[in-house]
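The chain contents come next:
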Amino acid sequence: MAKVIPKSKVKDRTRIKIILILGLFAIAWMGLWCRALFVQVIQGEELAAMADRQYYSREKITGKRGEIFDRNNVVLAQSVRSKSVYANPFLIENNHSAAIDLAAVLEDDPNRMKTLLNQKRNFVWITRKVSDRTAHRLAELNIPGVFIIDEHSRVYPRGHMLGQVLGFVGIDNQGLEGLERSLNEELAGAEMIIVLQRDASGHKMSLLPQDPTRKMDGQDVVLTIDSEIQFAAERYLASAVTSHNGVSGISLVVHVPSGEILAWASYPFFDPNNFQRSHSSIWRNRAAVDLIEPGSTLKPFLMAAALEEGIAKSDSLYFCENGRWRLGRNEIKDVKGHGWLTLNRVLRYSSNICSAKIGLDLGQDQYFQYLDRLGFTTGTNLPIPGQGRGILRPPHAWSKMDLAAISFGQGMASTTLQLARAYLTLANEGRFTELKLIRDDSRQSPAGQSVFSREVSRQVLSMLRDSVEMDGTGTMARISGVEVGGKTGTAQKASPRGGYGDKYVASFVGFIPALEPEYMIMAIIDEPSPQHYGGVVAAPVFAGIGNSIISSGRGLKLRNIPGQVIETAQTDRSTENARFNVNHRRDRVPPGNEMPDLRGESLREAVENLLRAGIVPVLEGRGVMVRDQVPAPGESFSENGGKVILRLSES
Amino acid sequence: MSKVNKTNQVNSPDLWLLFSVMILCGLGLTMILSTSAIMAERFYSDKYFFFKRQLVFVLAGTAVMFAVYMTPRSLFYKLKYLWILAAIVALGLVFSPLGFSAGGATRWLDLGLINIQPLELAKISLVIYLACFFAGKQELIKRFSVGFLPPTIITGLFCVLLLMQPDFGGAVFIAILFFLMSLVGGTRLIYLFSSSVLAGITAAMLIMQSPYRFRRWFSFLDPFKDAQDSGYQLVQSLYAFGAGRIWGMGLGEGRQKLFFLPEAHNDFIMAVTGEELGFIGISLVFILLGIIIWRVMVISTSQADLADRFSGFGMGMIIILGSLLNLAVVLGMVPPKGLPMPFISYGGSSLLVSMFCAGFLLNLSRERRC
């Protein structure tokens, strides 16, 4: 019995100990429960936000930028797939060796690579738009955390052709100059942020729902440009500028009845493929931006205005003062002295003195009104950025001398485009006609108001014919077999110090054929020397371009069948594209409901393609290449109950 | 003893405990399916790979629990030295070709059909041995050579074998188990105190030897300082808990298991539970755990026999200590150590042992005093 008592005492003590210890555990249990409450409820929001940052990788998918075609669907600006390399530094195991490997393949500085990889971000561009070969070699290295994605890069397959007009795009395909800039909205592919849920190994797991109906690719743009004519325009312009030691030059070919610009050349040439190598003065579109004094090329409008107003007739006589005429304190000179000239000869011999007299007869208000209606106070509505509107002061501010000077094209300034538009109006039976660059019927401008009557414009056109076909200033513009007309211009350039220096702008504007013009060709050469007469320097450009248009077999048909050209253009597009495609097209989603063949494509490419068709695929296995797919190529999307599966492999 | 049995026999298992255990097992199965499906599909091309195996373990575990519940306890007590021997042999076999490495440590025995973790066997054998030892030698245990040395040597052997694997967390678990059992069993506090000081110094030395281990151990104090490396697991675990908020993201909706959280279906399954079921789901686990603590207290204190009382306490401690340590790790309260959550984490050994303990407690509960 005595033995039992201590035993039960011990038992009781153990019971208390057990209760105490389990009590302590109960306290720990309670504490942990409170900790869970703290972490989940009180800190929850903050932690959840932090977690969110690692789950989602946002990727910007940009649709293909629209392409630019000429009127015959020759590709002028094209988007091709190219490879870019980016890294997620967090996933790189060994920054040092990765940097060295990258630098070796990309032939770059290892230290620069290291700085890139040491950034505490989960996305850094390593390099953009590398060659397929480099991309392939990088892919072979298989550095964890370094990824290669497809981008589109802009290629201008015809090199410098139409360079200044087309403009160029930046590295992110945003239009920076020219049509690329002004038409950026149409051309740019839609941007879609796709949110991918990631796992820790960086694999994209699932795609969150998005609007699959959105069209990703930008719109294509068809220009009125004819690349064959453009080629001729550039060629003759270049030879004129170089052989006459000019600084720069512009040539423009316009289809008269429609106002469509067929060629638009600027020299020196500019290759948008490589815009960084050229100075901005070269990529500037001079025809649209630069203001010039039109000089004698403005005289036909004065004549037309005078005829329209009944102030003069084509056989009215004017005294040309034998080349020198003092007006107030100023003296007006002609290149060659003339005595009495009929109106048509005033234009043919381009007498400044007689033009001034006609202008003074017409009066500033009348004259201004005509210039205004011809568009010398408004820019053209071509989609070209940075267009000038010309300088033409209001008539009440004109002195007598101003009126005289403006009569022969000095003391005012216009862009080449404004001048071209005015000539177009003259050629189109006096009806105001806008220039067009985009082949898009919705942009068709309504028939313009009539500035000159048919008879007057025909009279002026015949005067212009005479100045080429008879003994005028433009004889070098003759084209055998066709009657052409035109007007030369030889403007002294205003010097920066005021007054006029010894630099000239030589120009020529002409029509083929002379009386019912189909083409208007304009050539302007800046600062030619020693020869500086428009009739010598610029007129041959007209003749050269005109000759090539006529001999191409394309010429002299446009007037009657403009509609048909559009028809053939549509059907020709695919074959023309194939010729100029640098990289064959990989639109793997065929129209309709058929599964494209995605096998062998990169995961990203395949997913993009499917997304465009509004399908969110299910990914199986790991890797970046598509090994197999369900449904099989050519089968309907709905074959597998609407579920599209991509099986992946590493390579 | 027979008199006590007659008056206090209930002869039915403790239903509170039984249901808590079954609910935890069911929750574990659900969470394993949810956490491992994506991973299993990627690596085994079978979504249900882990789920199916765990289902087999649960069934086997239930059988074990029932068997232990039915078996007379004296059978376990009689075989106590065999248990110890088996545990030591198993721990030693880890270093033989049968050993199976995972994650830089050899903690598993590959028995063909299943892999077993000798640590789990060691826990049970230690509890049974210590229960018998303290119950049988109550008069002697205050003497150092008899009351302290033999169990210390055996526990020390377990710990050394575990440290060689290396399984630091397992060794600590065994040591704590020993400490608690001794405390209840009545060894003098001074011995316990000095031995724990000794253990502390050893642990400190082990940690200092390897700066990585040191960094890893103490990163839990500020896991965000080095979130990409040593604090990674814990940060991911806390993200999971935080993202769950009160109501959770919904079963299967958790994102942390997408390979952000290593061992998502294993040691960190509670983090995913917290993410998917929210504080509500975590509270359910806490409530069930609270019930288990309460029942362990009731069952063990109501035992008349000292061996029963100690073993009941020890079996309960295996479950409770395991659960609380696991929760403390995933909630960032103690250094991260690979300890599974009893009943919930994926893994045969851990589940079978937990079920064994539950079975043992149910066995005891039949004879509790009400």
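Only a predicted model underlies this, so the values are computations on that prediction, with no experimental measurement involved.

**Student:** If you had to explain the overall build of chain B to someone new, which residues and values would you point to?
**Tutor:** Scanning chain B for helices and strands turns up 14 helices and three strands. Looking at chain B as a whole, 56% of its 370 residues qualify as buried. A fraction of 73% describes how many contacts in chain B between residues 6 or more apart in sequence connect residues 24 or more apart. Accessible area of chain B: about 14700 Å², with a carbon and sulfur share of 69%.

**Student:** Let's hear about helix 12 (residues 299-308) of chain A: which residues, and what values?
**Tutor:** Residues and elements named next belong to chain A. Where burial is concerned, most of helix 12 is hidden: nine out of the 10 residues are buried. Of the positions making up helix 12, those classed as buried are Lys299, Pro300, Phe301, Leu302, Met303, Ala304, Ala305, Ala306 and Leu307. Phi turns positive, to about 75 degrees, at Gly310, one or two residues after helix 12.

**Student:** Quick one: what's the story with unusual backbone geometry, residue by residue and with numbers?
**Tutor:** All names here are of chain A. In the segment running from Ile512 into Pro513, the intervening peptide bond is cis, with an omega of -20 degrees. With respect to the helices and strands, the residue Pro513 is situated in the loop between strand 18 (500-512) and strand 19 (519-526). At Glu107, a residue that is not glycine, the phi angle is positive and equals roughly 55 degrees. Within the secondary structure layout, Glu107 lies in the loop between helix 3 (95-106) and helix 4 (110-117).

**Student:** Can you explain the packing of helix 3 of chain A against helix 5 (residues 132-141) of chain A? Please cite residues and give values.
**Tutor:** Residue and element names in this part refer to chain A. Between helix 3 and helix 5, the shortest axis-to-axis distance is 10 Å and the interhelical angle comes to 155 degrees. Between helix 3 and helix 5, the angle falls in the class roughly antiparallel. The chirality of how helix 3 crosses helix 5 is right-handed. Side by side, helix 3 and helix 5 meet where Asp101, Leu102, Val105 and Leu106 of the first sit next to Thr134, Arg137, Leu138 and Leu141 of the second.

**Student:** Break down the sheet that holds strand 9 (residues 248-255) of chain A for me, with residues and values.
**Tutor:** Residue and element names in this part refer to chain A. Strand order in the open sheet formed by five strands is 10-9-19-18-17, with antiparallel pairing between adjacent strands. Here the strands that pair on one side only, and so sit at the sheet edges, are strand 10 (260-267) and strand 17 (485-494). The sheet shows a mean angle of 10 degrees between the axes of neighbouring strands, direction not considered. The sheet contact formed by strand 17 and strand 18 spans nine bridges and is antiparallel. Counted as the bridge partner of Gly489 is Ser507 from strand 18. Strand contacts of helix 17 (residues 416-427): strand 9, strand 10, strand 17, strand 18 and strand 19, with the helix running at about 150 degrees to strand 19, the strand carrying the most contacts.

**Student:** Got a sec to walk through the side chain of His338(A)? Specific residues and values, please.
**Tutor:** Along the chain, His338(A) falls in the loop between strand 14 (330-333) and strand 15 (340-342). Among residues more than four places away in sequence, those in contact with His338(A) are Cys320(A), Glu321(A), Asn322(A), Gly323(A) and Tyr349(A).

**Student:** Tell me what's going on with the pairing of strand 18 of chain A, and back it up with residues and numbers.
**Tutor:** Where strand 18 of chain A and strand 19 of chain A come together, eight bridges link them in antiparallel fashion. Note on strand 19 of chain A: the bridge partner recorded for Val505(A) is Asp526(A).

**Student:** Mind laying out the packing of aromatic side chains, listing which residues take part and the relevant values?
**Tutor:** What the rule picks out here adds up to 33 aromatic pairs over all chains. Aromatic pair Tyr267(A) and Phe269(A): ring centres 4.9 Å apart, planes at 85 degrees, arrangement edge-to-face. Measuring from ring centre to ring centre gives 6.2 Å for Phe76(B) and Trp83(B), while their planes differ by 40 degrees; the resulting arrangement is tilted. Here the two residues Phe76(B) and Trp83(B) agree in accessibility, since each one is buried. An aromatic cluster is defined as three or more aromatic residues linked by ring pairs; in this entry it consists of Phe76(B), Tyr77(B), Trp83(B), Phe356(B) and Phe360(B). Against the face of Trp294(B) rests Arg295(B), its NZ or CZ located 4.4 Å from the ring centre. Lying across the ring of Tyr69(B), Arg366(B) places its NZ or CZ 4.7 Å from the centre.

**Student:** So, the interface of chain A and chain B: which residues are in play, and what are the values?
**Tutor:** Opposite the 43 residues of chain A that make contact, chain B presents 56 residues. Each partner contributes to the roughly 4500 Å² buried at the junction of chain A and chain B, and carbon and sulfur atoms together form 70% of this total. The tally of links between chain A and chain B comes to zero salt bridges. Listed by contribution, the elements that provide at least two residues to the side of chain A that touches chain B are helix 1 (4-42), helix 2 (44-55) and strand 6 (191-198) of chain A. Top contributing element to the side of chain A that touches chain B by residue count: helix 1 of chain A, with 24 residues. Residue composition of the side of chain A that touches chain B, grouped by class: 24 nonpolar, eight polar and 11 charged.

**Student:** Just give me the short version of the environment of Val644(A), but keep the residues and values in it.
**Tutor:** All names here are of chain A. Structurally, the position occupied by Val644 is in the loop between strand 21 (625-630) and strand 22 (645-649). The exposure class of Val644 is buried, given its relative accessible area of 2%. For Val644 and Val616, which are 28 residues apart along the polypeptide, the C-alpha to C-alpha distance reads 7.4 Å. When neighbours within four sequence positions are excluded, Val644 is seen to be in contact with Met595, Leu610, Ile615, Pro617, Val618, Val630, Pro631 and Phe637.

**Student:** Can you lay out the nonpolar core for me, pointing to particular residues and giving the numbers?
**Tutor:** Most often, soluble globular proteins have nonpolar side chains that are buried together. The biggest cluster of nonpolar side chains holds 117 residues, and the ones touching the most others in it are Phe158(B), Met270(B), Phe313(B), Met315(B) and Phe343(B). Broken down by element, the residue count for this core peaks at 16 residues, all from helix 13 (residues 306-330) of chain B. Built from parts of two domains, this core gets at least three residues from each of domain 1 (25-70 + 223-370) and domain 2 (80-209) of chain B. Once residues within four sequence positions are removed from consideration, Met315(B) is found in contact with Ile124(B), Val127(B), Ile128(B), Phe356(B), Cys357(B), Phe360(B) and Leu361(B). Grouped together as the second largest cluster of nonpolar side chains are 85 residues, Ala77(A), Val221(A), Ala304(A) and Leu347(A) included.

**Student:** Give a detailed account of a nonpolar patch on the surface, specifying residues and quantitative values.
**Tutor:** Residues and elements named next belong to chain B. Taken together, Leu75, Leu79, Leu82, Leu85, Val89, Leu93, Leu98 and Leu111 make up a surface patch of nonpolar side chains, about 680 Å² in accessible area. Broken down by element, the nonpolar patch gets its largest block of residues, four residues, from helix 5 (residues 80-93). Among the secondary structure elements, Leu82 is positioned in helix 5. Leu82 sits in the exposed class, given a relative accessible area of 52%.

**Student:** If you had to explain the sheet that holds strand 20 (residues 618-620) of chain A to someone new, which residues and values would you point to?
**Tutor:** Residue and element names in this part refer to chain A. Taken in spatial order, the three strands make up an open sheet running 20-22-21, and their pairing is mixed. One side of each edge strand has no neighbouring strand; the edge strands of this open sheet are strand 20 and strand 21. Taken over all neighbouring pairs, the strand axes of this sheet differ in orientation by 30 degrees on average, direction set aside. Pairing of strand 20 with strand 22, which is carried by three bridges, proceeds in the parallel orientation. Residue pairing for strand 22: Val618 is matched across the bridge by Ile645.

**Student:** Would you mind going over the side chain of Thr155(B) in detail, with residue names and values included?
**Tutor:** Residues and elements named next belong to chain B. With respect to the secondary-structure elements, Thr155 resides in helix 7 (residues 144-164). Only 2.7 Å separates the side chain of Thr155 from the backbone oxygen of Pro151, close enough to count as a polar contact. Setting aside residues up to four positions removed in sequence, Thr155 forms contacts with Leu126, Ile174 and Phe178.

**Student:** How would you sum up the pattern of salt bridges? Please name residues and give values.
**Tutor:** Taken as a whole, this structure holds 23 salt bridges over all chains when the rule is applied. Here the salt bridges do not stand alone but share partners, grouping Arg348(A), Arg465(A), Asp466(A) and Glu483(A) into one network.

**Student:** Which residues make up the pairing of strand 9 of chain A, and what values go with them?
**Tutor:** Within a regular strand, side chains alternate between the sheet's two faces. Residues and elements named next belong to chain A. For strand 9, the buried fraction is high: eight of the eight residues fall into the buried class. Bridging between strand 9 and strand 19 involves eight bridges; their strand directions are antiparallel. Looking at strand 19, one finds that His255 is bridged to Tyr519. The pairing of strand 9 with strand 10 spans seven bridges and is classified as antiparallel. Residue His255 lies in a different strand from strand 10, and its bridge partner there is Glu260.

The rules behind these values
Residues numbered from 1 in each chain as written. Chains lettered and ligands numbered in written order. Predicted model: local features only at pLDDT ≥ 70, side-chain atom pairs only at ≥ 80, totals over all residues. Heavy atoms only, no water. Helix = DSSP H or I, 4+ residues; strand = E, 2+ residues; numbered from the N terminus. Buried < 20%, exposed > 50% of the residue type's maximum accessible area, 1.4 Å probe, protein only. Contact = heavy atoms within 4.5 Å. Areas by Shrake-Rupley, 256 points an atom, 1.4 Å probe, with all protein chains shown as cover. Axes fitted to C-alpha atoms, helices over the stretch in contact; angles between N-to-C directions. Parallel < 35°, antiparallel > 145°, perpendicular 65-115°, else oblique. Left-handed = near helix turned anticlockwise from the far one by under 90°. Pairing = 2+ DSSP bridges. Phe/Tyr/Trp six-rings, centres within 6.5 Å; stacked < 30°, edge-to-face > 60°. Lys NZ or Arg CZ within 6 Å of the ring centre and 35° of its normal. Buried area = accessible area lost by both parts, 1.4 Å probe. Salt bridge = Lys/Arg side-chain N within 4 Å of Asp/Glu carboxyl O. Nonpolar A, V, L, I, M, F, W, Y, C, P; charged D, E, K, R; others polar. Core = buried A, V, L, I, M, F, W, Y, C linked by side-chain atoms within 4.5 Å. Domains from an automatic or database assignment. Patch = residues over 30% accessible without salt bridge, like charges linked within 9 Å, V, L, I, M, F, W, Y side chains within 5 Å. Polar contact = N/O pair within 3.5 Å; in protein donor to acceptor, adjacent residues only side chain to side chain.

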